[in-house]
Amino acid sequence: MKHVILLFIFSLACGLLAAQQPRLPHVAGYIDATGGVNNVQAAVGESLRYNLLETLACDDYNLILDFPNIGDKGVREVMPFGYSLSALSQVDIAKVAGNMSVTGRRKLYNGSRFSAVEYSLCDSVVYGIKLYFNASDATARDFVVSQCANFFGKADFDSDTMTVFSDPDYLVKVGKDAVDAYSLYHYPGEEQRFPGVQLFKWKAPSRVLADGVAVALSFYNQRTKENNMQLAFEIEIDAAEPLGMKKMIFVADGKPYEYDVESDFVDREADMRTFMFPDDVKHILRSHTLTVIIECANGRRISYEMPYYQRVSLSTAFTYFRWNVTNPMMKYRGW
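As the structure is a prediction and not an experimental result, all values here were calculated from the model.

## Details of the layout of surface pockets
- Taken as a whole, the second largest pocket holds about 340 Å³ of empty space.
- Forming the boundary of the second largest pocket are 19 residues, of which K154, D156, E305, M306 and Y308 lie nearest the centre.
- Secondary-structure elements contributing two or more residues to the lining of the second largest pocket are α3 (138-152), β13 (208-210), β20 (301-305) and α5 (308-324).
- In terms of residue class, the lining of the second largest pocket is built from eleven nonpolar, three polar and five charged.

Here's what the structure looks like:
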């Protein structure tokens, strides 16, 4: 019993001593501003999809973007990018995955070369539009490609089965029987959460065909638990044989910016995290001409002119970086 009483007195004394310890005023302000310590860890691999650019815009600012201007009356029936569905929209939803959804096909009238349309949505906002045409009509695809060429100027790349166009607003892919169009502003980014780390990614739904390989290049931000924000890129290559990536070179107006890369996997060519210098990104984005060169272990060099949709990925990552990197002490002006 004596031991119990002594233990109780000792714990009470420790509590009184702790309560008497002085606390600096700015510490109290820090605790008030940040709240208590949060020990809850997010599930590994948990991800969210939302419009990264829209989070930086004014709440009352809603950008509506029409379909690229092509000579087809049926396109005028299409809902614009940025349109938000409601209970009164009377559009059936065919597929749902979290906050991502795809509508059913709806017929087009008004003398259209297209037979039907379907919409891709994130949080009920239209970011993708798919127009179907008759694959057996030999002139249908040629018509769409020629109309897109008139609007965009030239294709990013062209093959028998896929022709891709892009500019700062749109990404358009003309396939065998359908046209997939996306608003680069409204296309949802992805936030991936890991214990102590968050990744803010924006990856366009298209690869670049160059020198016989398919290249997927995207840019993102990594934030650590210390609120340290870093720019990075990831690259994946589909090739018939192993290439052994060694170096990425961004040639901006003739000036090279080099980064060492190495595949993170054995079964495929993919470097998922290479950090970039913000000053490099600033100069790369301001360049008029931008070429991507991938040097491989066997001496092979893969080269292509960076299309707009990859530039938008870089621009989005850099914009998000600049909006979130600041002096942390600005929050606590009483120091």
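Let us keep going from here.
## Considering the pairing of strand β19 (residues 290-296)
- For β19, a buried count of five out of seven residues is recorded, marking the element as mostly surrounded by other parts of the structure.
- In the sheet, strand β16 (residues 245-252) pairs with β19 via seven bridges, with the strands oriented antiparallel. Of the residues in β19, the one forming a bridge with A252 is L290.

## Thoughts on empty space enclosed by the protein
- Scanning the entire structure with this criterion turns up one cavity of 30 Å³ or more.
- Empty space within the largest cavity amounts to approximately 50 Å³.
- What lines the largest cavity is K203, A204, S206, A216, L217, S218, Y309, Q310 and S313.
- Of the residues that constitute the lining of the largest cavity, the class distribution is four nonpolar, four polar and one charged.

## Quick word on the sheet that holds strand β17 (residues 255-260)
- The strand order β17-β16-β19-β20 describes an open sheet built from four strands, whose pairing is antiparallel. Taken across any chain shown, the strands that pair with only one partner, and hence form the sheet edges, are β17 and β20. Strand-to-strand twist across the sheet, computed as the mean angle between neighbouring axes with direction ignored, equals 20 degrees.

## Description of the packing of aromatic side chains
- A full pass over the atoms with the stated rule returns 18 aromatic pairs.
- A centroid spacing of 6.4 Å and a plane angle of 10 degrees characterise the contact between F318 and F321, whose relative ring orientation is stacked. Of this pair, F318 and F321 both sit in helix α5, three residues apart, which is roughly one turn of that helix.
- Look at F318 and you get buried, because its relative accessible area is 8%.
- For F321, a relative accessible area of 11% corresponds to the buried category.
- Each member of the aromatic cluster is reached from another via a ring pair, and the members are F81, F151, F152, F165 and Y170.

## Here we look at unusual backbone geometry
- If you check the backbone angles, S124 has positive phi at about 70 degrees while not being a glycine.
- Relative to the helices and strands, S124 resides in the loop between β5 (116-122) and β6 (125-132).
- Its relative accessible area of 35% is what places S124 among the partly exposed residues.
- In this structure, D253 is a non-glycine residue whose phi angle is positive, near 50 degrees.

## What to know about helix α4 (residues 278-285)
- Restricting attention to buried positions, one finds in α4 the residues D280, V281 and I284. Along the axis of α4, the buried positions cluster into a sector of 100 degrees, meaning they face one direction only.
- In this structure, the buried side of α4 is in contact with β15 (229-238), β16, β17, β19 and α5.

## A closer look at the environment of N228
- Looking at the secondary structure, you find N228 in the loop between β14 (213-224) and β15.
- Through-space distance from the C-alpha of N228 to that of V325 is 8.0 Å; in sequence the pair is 97 residues apart.
- Apart from residues lying up to four places away in sequence, N228 is in contact with Q222 and R223.

## A look at the nonpolar core
- Ranked by internal contacts, the top residues of the largest apolar core, which has 50 residues, are L217, F233, F250 and I294.
- With seven residues, α5 is the single largest residue contributor to this core.
- Ignoring anything within four residues of it in the chain, the contact list for L217 reads F233, E234, I235, M248, F250, V292, Y304, M306 and Q310.
- Grouped together as the second largest cluster of nonpolar side chains are 30 residues, L85, L108, V126 and V172 included.

## Concerning the packing of α4 against α5
- Running from N to C, α4 and α5 point in directions that differ by 135 degrees, and their axes come no closer than 11 Å. Viewed along their axes, α4 and α5 adopt a mutual orientation that is oblique. Of the two elements, α4 crosses α5, and the hand of that crossing is left-handed. Together, P278, V281, K282, I284 and L285 of α4 and R311, L314, S315, F318 and F321 of α5 make up the contact between the two elements.
- Here the contact of α4 with α5 is built from residues that sort into seven nonpolar, one polar and two charged.

The rules behind the values
Residues numbered from 1 in each chain as written. Predicted model: local features only at pLDDT ≥ 70, side-chain atom pairs only at ≥ 80, totals over all residues. Heavy atoms only, no water. 1 Å grid on protein atoms, 1.4 Å probe; cavity = no way out; pocket = protein on both sides within 12 Å on 5 of 7 lines; lining within 4 Å. Points joined across faces, edges and corners; volume = space filled by probe spheres on them. Helix = DSSP H or I, 4+ residues; strand = E, 2+ residues; numbered from the N terminus. Nonpolar A, V, L, I, M, F, W, Y, C, P; charged D, E, K, R; others polar. Buried < 20%, exposed > 50% of the residue type's maximum accessible area, 1.4 Å probe, protein only. Pairing = 2+ DSSP bridges. Axes fitted to C-alpha atoms, helices over the stretch in contact; angles between N-to-C directions. Phe/Tyr/Trp six-rings, centres within 6.5 Å; stacked < 30°, edge-to-face > 60°. Arc of directions from axis to C-beta. Contact = heavy atoms within 4.5 Å. Core = buried A, V, L, I, M, F, W, Y, C linked by side-chain atoms within 4.5 Å. Parallel < 35°, antiparallel > 145°, perpendicular 65-115°, else oblique. Left-handed = near helix turned anticlockwise from the far one by under 90°.

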